[in-house]
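Examining the three-dimensional arrangement
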Amino acid sequence: MGILSRASYVIRSKMNALLNRAEDPTESLDYSYEQMRDELQDVKQGIADLTTQKKRLEIQKRKLEENVEKHNRQAREAVQQDRDDLARKALEKKKSKMTQIEELEGQIAKLNDTQDQLVEKKNKLQNRIEEFRTRKETMKARYEAAEASSRVSEAMTGVGDEMEDVSRSIERAEERTEEMEARAEAMDELEETGAFEDALSDKDSIDRELEGLSTNSEVDAELETLKGELGKADAPSEDANGASESTDEEIDAELDDLQAEVDGADLEADLEEDLETDVELEESEVDADEPKN
């Protein structure tokens, strides 16, 4: 196959594929139906033209028959007047007209046969058109139902052209969201590990660690001072091999108990002071009630 032949074949195949995709079966059926109706109309028009021609021949035949009768009368009159020459001429014309009549009868017979054939074809074509019309409407209904079902199925499964765009948009949104979530988690992790320096501070990770140690030392010193004021001795600390440090909850509980003891001692002192005051008042009242000597 030559280059031009291959190019022509490829072009025809591409055009055929484009036409197949662009073709609407319902429109094709309607177009075929209209074509068949046009053909039926042409057949009817042909029958009408044929019938017209046959009528013209029949009219011409009747005129010739009238001429035959006329020439026959002329021949009779000529014989009665002993004009054989005129009678011969009339009979010759009569013979010519009869020959023409025979030819017209043959043509009229052929036209009748043709007309009968056309009428029969017209009836068959009309029946076929009616059958095709019924099938056409049935096929259109089936096609439209199948097309609607296909659209619904594509929408449900997401494989249609429009739904494919929607699915891709959702996928892109999910990918973008996951990327941003992963980035946020990564930034939090890097911030916790101190990998990123504070943009508003000139301190590095070593400075921040030293500050943390200094703060812990200050807290420990203040705690020791508080214990010294309250007369509490340092609790023996467990070594690194066996014990663990107190949790925040335990420390809070101990602080609450300590505060409760302090509050209880203060309350007891207040009660004793109030009791002494009441006793003094009672003694004063007793002294006031006794009569003076």
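Residue numbers run consecutively from 1 along every chain, following the written order of its sequence. Reporting of local features is limited, given that this is a predicted model, to residues whose pLDDT is at least 70; pairs of side-chain atoms are given and counted only at 80 or more, and all residues count toward the totals for whole chains, interfaces and linings. Each side-chain value is worked out from all heavy atoms of the structure, with water and hydrogens disregarded.

**A few points about the overall build of the protein**
Regarding its fold elements, the protein presents 6 helices and 0 strands. Put simply, DSSP marks the helices as runs of H or I at least four residues long and the strands as runs of E at least two long, and each gets a number from the N terminus on. When the helices and strands of the protein are placed in sequence order, the string is α-α-α-α-α-α. When each of the 293 residues of the protein is scored for burial, the buried share is 10%. Taking as baseline every contact in the protein between residues at least 6 positions apart, the subset at least 24 positions apart corresponds to 69%. Each residue is assigned to one of three classes by its accessible area relative to the maximum for its type, calculated with a 1.4 Å probe on protein chains only: buried under 20%, partly exposed between the two thresholds, exposed over 50%. Contacts between residues were defined by any pair of non-hydrogen atoms, one from each residue, lying within 4.5 Å.

**A look at the side chain of Lys-97**
Secondary-structure assignment places Lys-97 in helix α3 (residues 84-157). Positive residues here are Lys and Arg, negative ones are Asp and Glu, while His and the chain termini are left out of the count. Every case where a carboxyl oxygen of Asp or Glu lies within 4 Å of a side-chain nitrogen of Lys or Arg is listed as a salt bridge. Here Lys-97 sits buried without a salt bridge, and the closest side chain of opposite charge, Glu-92, lies 11 Å off (N-O distance). Those residues within four positions of Lys-97 in sequence are excluded, and the remaining contacts are Leu-64, Asn-67, Val-68 and His-71.

**Some details on a positive patch on the surface**
There is a patch of like positive charges on the surface, built from Lys-70, Arg-73, Lys-89 and Lys-93. Counting residues per element, the ones that place at least two in the positive patch are α2 (25-80) and α3. Relative to the assigned elements, Arg-73 resides in helix α2. Distance thresholds for patches are 9 Å for like charges and 5 Å for nonpolar side chains (Val, Leu, Ile, Met, Phe, Trp, Tyr), applied to residues having over 30% relative accessible area and no salt bridge. Here, Shrake-Rupley sampling with a 1.4 Å probe gives the accessible areas, and only protein chains in the shown set may cover a residue. Taken as the charge location is NZ of Lys, CZ of Arg, CG of Asp or CD of Glu.

**Notes on the nonpolar core**
Among buried residues, those of type Ala, Val, Leu, Ile, Met, Phe, Trp, Tyr and Cys that are joined through side-chain atoms within 4.5 Å constitute a nonpolar core. Judged by nonpolar contacts, Leu-50, Leu-57, Leu-64, Val-68, Ile-101, Leu-104, Ile-108 and Leu-111 together constitute the single largest core of 8 residues. Listed in part, the 7 residues of the second largest apolar core include Tyr-33, Met-36, Leu-40 and Val-43.

**A short note on the pattern of salt bridges**
As enumerated under the stated definition, the model contains 9 salt bridges in all. The salt bridge partner of Glu-105 is Lys-61, with a shortest N-O separation of 3.1 Å. Residue Glu-105 is found in helix α3, and its partner Lys-61 is found in helix α2; the two are separated by 44 residues along the sequence. Of the residues examined, Glu-105 reaches a relative accessible area of 36% and is grouped as partly exposed.

**Remarks on the confidence of the model for the protein**
pLDDT is a residue-level measure of predictor confidence that goes from 0 to 100. Scored by pLDDT, the protein comes out at a mean of 76, with 65% of its residues at no less than 70. Per-element confidence in the protein is highest for α2, whose mean pLDDT is 89, and lowest for helix α6 (residues 248-289), whose mean pLDDT is 65. Contacts of residues 233-246 to residues separated by more than four positions or lying in other chains number 5 contacts, the stretch itself having pLDDT below 50.

**Looking at the packing of aromatic side chains**
Classification of ring pairs rests on two measures: the distance between centres of Phe, Tyr or Trp rings, Trp counted by its six-membered ring, which must be within 6.5 Å, and the angle between planes, read as stacked under 30 degrees, edge-to-face over 60 and tilted in between. For the structure shown, the criterion picks out 1 aromatic pair. Consider the rings of Tyr-33 and Phe-132, whose centres lie 6.5 Å apart with planes at 15°: the pair is stacked. Placement of the pair is Tyr-33 in helix α2 and Phe-132 in helix α3, with a sequence separation of 99 residues. Take Phe-132: its relative accessible area is 21%, and that puts it in the partly exposed class. Sitting over a ring, as applied to charges here, requires NZ of Lys or CZ of Arg to be within 6 Å of the ring centre and within 35 degrees of the ring normal. Here the basic side chain of Lys-136 rests over the ring of Tyr-33, its NZ or CZ set 5.1 Å away from the ring centre.

**Thoughts on a negative patch on the surface**
A surface patch of negative charge is lined by Glu-174, Glu-175, Glu-178, Glu-181, Glu-185, Asp-188, Glu-189, Glu-191 and Glu-192. Relative to the helices and strands, Glu-189 is located in helix α4 (residues 161-193). Residue classification places Glu-189 among the exposed positions, given a relative accessible area of 53%.

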